[in-house]
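Spelled out from the first residue to the last, the chains are:
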Amino acid sequence: MSLWEYKHITSGPHGFATPALLESYLNQLGKDEWEIISYQTLPANALAFNGVARRTTLRDWTLESAAAAAAKIEADKIRAEFAAKFQGNAPAVATGGTDAATEKPSTLVSETAAPEDGFRKLRDTERDGDPEAAEEGDWDNWDNLDDDLPTFFEAIKPHLRKNQRGPGQSVGVTFLAKRWEQSEGDLINALKECGFVIPETEDAPPEILEFEGELYWLNLNNRHELFLNTREKPRPVFRAVPAKKLDPADPTFAVLAEEAAAEQAEKANREAERVAREAEQAARRAEHEARRVAQQAEHEARRVAAQAAREAAQAAAAAKAAAGAASAPDAPAAEGEATAEVESAPTVVDPASLPPEAEEFLTAVRVQMRRNRRGQGYSGSITYLARAFKQSEADLVEMFTAVGLSVPETANDKPAKTTIGAFVYWLNKDSRGAIWINGDEVRAPKPPAPIAPDAPDASAAATAEAGVQGAETTATAAATESAPVAEPVAAIDPVSSVEAPAPAPVAVSEAEAVPEPVALAPAPVVPEPVTEAREPVAFTNASPLAGVRLLLNPNKRGTGVSAEVSYLARTVGRDLQDFLVVLTDLGLALPDTDEDKPSFVEHGDDIFWLNKNPKDGSVWLNAKASRASVKKAAAGGAKPKAKKADVTE
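Residues numbered from 1 in each chain as written. Predicted model: local features only at pLDDT ≥ 70, side-chain atom pairs only at ≥ 80, totals over all residues. Heavy atoms only, no water.

Caption draft 1: Layout of unusual backbone geometry. One non-glycine residue, Glu212, adopts positive backbone phi at about 55 degrees. Its location among the elements puts Glu212 in the loop between β6 (209-211) and β7 (214-220). Residues other than glycine seldom take positive phi values, yet His224 does so here, at roughly 65 degrees. Looking at the element boundaries, His224 is found in the loop between β7 and β8 (226-232). Taking the relative accessible area as the measure of exposure, His224 reaches 56% and is therefore exposed. (Helix = DSSP H or I, 4+ residues; strand = E, 2+ residues; numbered from the N terminus. Buried < 20%, exposed > 50% of the residue type's maximum accessible area, 1.4 Å probe, protein only.)

Here you go:
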C-alpha cells in the first residue's frame, strides 16, 4: 500500500496572466510527480483554479514493476548496442577498415543502462552456478569502504556555529557525540588521533592545529565543557618594505614646511580670537556684576534713608502731639485724636529718588489688585502677586521694601502708609500671617464741617486742624437747634482687606450718594470720596451702555457681541481709568476668581457683563439679548440676577 502526501494547488484569486504560465505551472507539477486529483476553475476566469494534488512517499515493489524495469533496461541495452554499431561503422566505411566495426564501447552500455528511477540495478542470477563466470563486484574486499568516508574535519563542518566568544566557529563535543550517536570517550579518542591535545583547565593555553588552510583548537569553558573551535588562517595582504626619509635639501621639503607653518599660524590665530572673546565676555560680566552691586547698594541706601525719614516724621509727630498736650491740658480727647491723626499720616517718598523700574513695578501691581472689601481703595495678597509675577514671596516683599514700604511685625500692628506720587500704599498682615499690599489714590484734605458760632468747641477745632487723608475723624461739634448745620460724614479709614472690620453705614445727602465702585483688571479702580460728587462721562444722553452697545462687534462663535475695554476707551476718547470707573459705577465688575460668575447688568433688551481673557489678561465687555422673566422661570435655569444700570442724566 502506498503512502501519499497531498498539496493544495491554486492560481490565486486573479488567476494566471497568460495560458503559457498556467501550462508551465502544470508541467512543473508533473515533473515533480504530483498527480492532480481535483481541479476546479472559476466560471468567469478559466485561468484561475483551485485543486488538490498528491504523490507517493514510498513506492511499492511488485513483480510487474520489476519486469517493466528489466524490460526497459534490456531495451536500453539493445538500443545502445545498435547505436554503438552504427557509430563504429561510420569511420570504418570512410577509411575502408574493418576493426572499428567489431569494437564495442566498454562504458557506454553500463552508463546508459543505469536506471533513472533511483532503484538499485537488478543483479543477473542466471550464471550464479557457473564457476567460471566473473563476479560483478568484489564482495570480499570490505577494507576499501573506509576510503569513501569523509574526514573528521569535513564531518564537523555542518555542525559548526558562530563562536560567541571570539572569531570563527565552534561546536561542543557533547553535541557532536549526541548527533553522531557515539560516546564522548570515543570522540575524544578520535580527537587525540587527529592530533588534538585535550586541555586540563579552562585557562590552559590551546594548541592550534592546521588542516587545509583552517586552524583548529580545543578549549574548556567554566562548566568544564569541551569545545572544538575553528577559524580561517590569516593570510598576509601586504609586504612591509623600508621607506626613504625625505632629504631636507629636496625642494618639496621646503614646500611642506611652509604648509605646516601656515597651519600652525592659523591655529594660533583661532586660539587668540577665542581668548579675546572669553576676555571680552568676562569683562562684560564683571561690568554687569559691578552695576548690579552698585544698584543694590543705592537701593539699600534709599531704603535706609526712607526708614530714617519715617522715623524722623514719627518723632516730629510725637513731639508735636506732646506740645499740643502741654498747651491744651483741658482737651484730652482732642489730644488723642490729633496724635492718632499725626501718627497715621503717610510718609511721602519722592518718585524721583526711586529706581526707574519702581514706577513700572507699582503700575503692574496696581493692575493685579482688586477692590478692598472692607474699606476704600484696593488690595492684593502677596501670595497671588507672587504667582502672577512668577516670583517668590520673599523677593516680592524685598521689592516692596526697596520702594519704601515696611512690613508690620504682627497682625495687630498699625500699618505705616507711604505716599508715592499720586497713590498711597501700605502693607499689613492678616490673622493667618499672610502679607497684603493695599493702595489708594491720594485724596485732597477734607474741609472741616461748619460749626455754629455760638457753640465753639476746642475738640472740633483740633479735629479740623489735624484733618489728614486716611485718619480717623471724630465729629464732636454740637449743633444748636436754632442754627442748622450740615451733618458731617465720618471718613472711612482705608484698612487691610482682611483685618479691619466693615465700616458702619453713614447718612449722606441725596446729591452726594454715588454707587459703590468695583475694581476690575487690568488697572485698579480708584474710587472718589463719598463726600464728593463725580462728574459722569456722558457717552449718550441716556446711558453709557446705550452708546457702548453700538461699538461692540459680533462674536465669531456663539451669539452676542463683545469688544475689548481698552479699545472702547480709545474709541470714545476717554482715559482707561475713567472708563473703568464709569463701568464700575454701572455695576459691572470682574469676578474675583475664574470659578465665580460675573456681575450682569440689564439695559434695554440686552444684558452686559465683563470677563477676563485667560491668555493675555485683557478685559472684555460682552452683551447679548436678554430673555423675559417668564421664559426664565419656565426654563428653570438658575442665572444670576441682573442689576438695573444707573441712567446718567
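Caption draft 2: Expanded view of the sheet that holds strand β13 (residues 423-429). The sheet built from 6 strands is open, its strands ordered β9-β12-β13-β14-β11-β10 with mixed pairing. Each edge of the sheet is formed by a strand with only one pairing partner; in this case those strands are β9 (347-349) and β10 (370-371). Relative to strand β14 (residues 435-441), β13 is paired through 7 bridges, and the arrangement is antiparallel. Bridging across to β14, Phe423 finds its partner in Glu441. (Pairing = 2+ DSSP bridges.)

Caption draft 3: Quick look at the packing of aromatic side chains. Taken as a whole, this structure holds 13 aromatic pairs when the rule is applied. Measuring from ring centre to ring centre gives 5.9 Å for Phe152 and Phe153, while their planes differ by 80 degrees; the resulting arrangement is edge-to-face. The pair Phe152 / Phe153 is uniform in exposure class, with both members buried. Considering the side-chain rings of Phe600 and Trp609, the 5.6 Å spacing of their centres and the 50 degrees angle between planes classify their relative orientation as tilted. With relative accessibility at 18%, the residue Phe600 sits in the buried group. A connected cluster of aromatic rings, assembled from ring pairs, spans Phe152, Phe153, Trp180, Phe196, Phe211 and Tyr216. (Phe/Tyr/Trp six-rings, centres within 6.5 Å; stacked < 30°, edge-to-face > 60°.)

Caption draft 4: Broad picture of the nonpolar core. Membership of the largest hydrophobic core comes to 22 residues, with the highest contact counts inside it found for Val365, Ile382, Leu396, Phe400, Leu405, Tyr425 and Ile437. At the level of secondary structure, the elements contributing two or more residues to this core comprise α10 (356-368), α11 (382-389), α12 (393-402), β13 and β14. Leave out the neighbours within four places in its chain, and Leu396 touches Phe361, Ile382, Leu385, Ala386 and Phe389. Counting residues in hydrophobic clusters, the runner-up holds 21 residues, among them Leu552, Ala569, Leu586 and Phe608. (Core = buried A, V, L, I, M, F, W, Y, C linked by side-chain atoms within 4.5 Å. Contact = heavy atoms within 4.5 Å.)

Caption draft 5: Quick look at the packing of helix α15 (residues 565-572) against helix α16 (residues 576-585). It is at 9 Å that the axes of α15 and α16 come closest, and there the two elements cross at 110 degrees. In terms of orientation, α15 and α16 fall into the roughly perpendicular class. Residues Val565, Ser566, Leu568, Ala569 and Val572 of α15 pack against Leu576, Phe579, Leu580 and Leu583 of α16. Here the contact of α15 with α16 is built from residues that sort into 8 nonpolar, 1 polar and no charged. (Axes fitted to C-alpha atoms, helices over the stretch in contact; angles between N-to-C directions. Parallel < 35°, antiparallel > 145°, perpendicular 65-115°, else oblique. Nonpolar A, V, L, I, M, F, W, Y, C, P; charged D, E, K, R; others polar.)

Caption draft 6: Region of the structure containing α11. All buried positions along α11 are accounted for by Ile382, Leu385 and Ala386. All buried residues of α11 project into a common sector of 105 degrees when viewed along the axis, lining one side. In the core, the buried residues of α11 are packed alongside α10, β11 (378-381), α12 and β14. (Arc of directions from axis to C-beta.)

Caption draft 7: Main features of α10. Within the span of α10, buried status applies to Ala358, Phe361, Leu362, Val365, Arg366 and Gln368. Angularly, the buried residues of α10 cover 160 degrees about the axis, an arc narrow enough to put them on a single face. The outward face of α10, more than 90 degrees from its buried face, is lined by the exposed residues Pro356 and Glu360.

Caption draft 8: Structural detail: the pattern of salt bridges. By the definition in use, this model includes 17 salt bridges. Between Glu35 and Arg54 there is a salt bridge, with the nearest N and O atoms lying 3.5 Å from each other. Linking Glu35 in strand β2 (residues 35-41) with Arg54 in strand β3 (residues 49-58), this pair joins segments that are 19 residues apart in sequence. Where Arg302 meets Glu298, a salt bridge forms, and the shortest distance between an N and an O atom there is 2.4 Å. (Salt bridge = Lys/Arg side-chain N within 4 Å of Asp/Glu carboxyl O.)

Caption draft 9: Looking closely at the confidence of the model for the protein. Of the residues in the protein, 68% reach a pLDDT of 70 or more, and the chain-wide mean stands at 74. By mean pLDDT, the top-scoring element of the protein is strand β5 (residues 169-172) (94), and the lowest-scoring one is helix α13 (residues 458-465) (38). Residue range residues 451-541 is modelled with pLDDT below 50. Its contacts to residues more than four positions away, or to other chains, number 175 contacts. A low-confidence stretch, residues 637-649 stays under pLDDT 50, and its non-local contacts, those more than four residues away or across chains, total 28 contacts. (pLDDT = per-residue confidence, 0-100.)

Caption draft 10: The environment of Thr230, seen in detail. As for its placement among the helices and strands, Thr230 is situated in strand β8. A sequence separation of 22 residues divides Thr230 from Ile208, and the C-alpha atoms of the two residues are 9.2 Å apart. When neighbours within four sequence positions are excluded, Thr230 is seen to be in contact with Leu160, Gly168, Gln169, Glu214, Leu215, Tyr216 and Trp217. At 3.0 Å, the side chain of Thr230 forms a polar contact with the backbone oxygen of Leu215. (Polar contact = N/O pair within 3.5 Å; in protein donor to acceptor, adjacent residues only side chain to side chain.)

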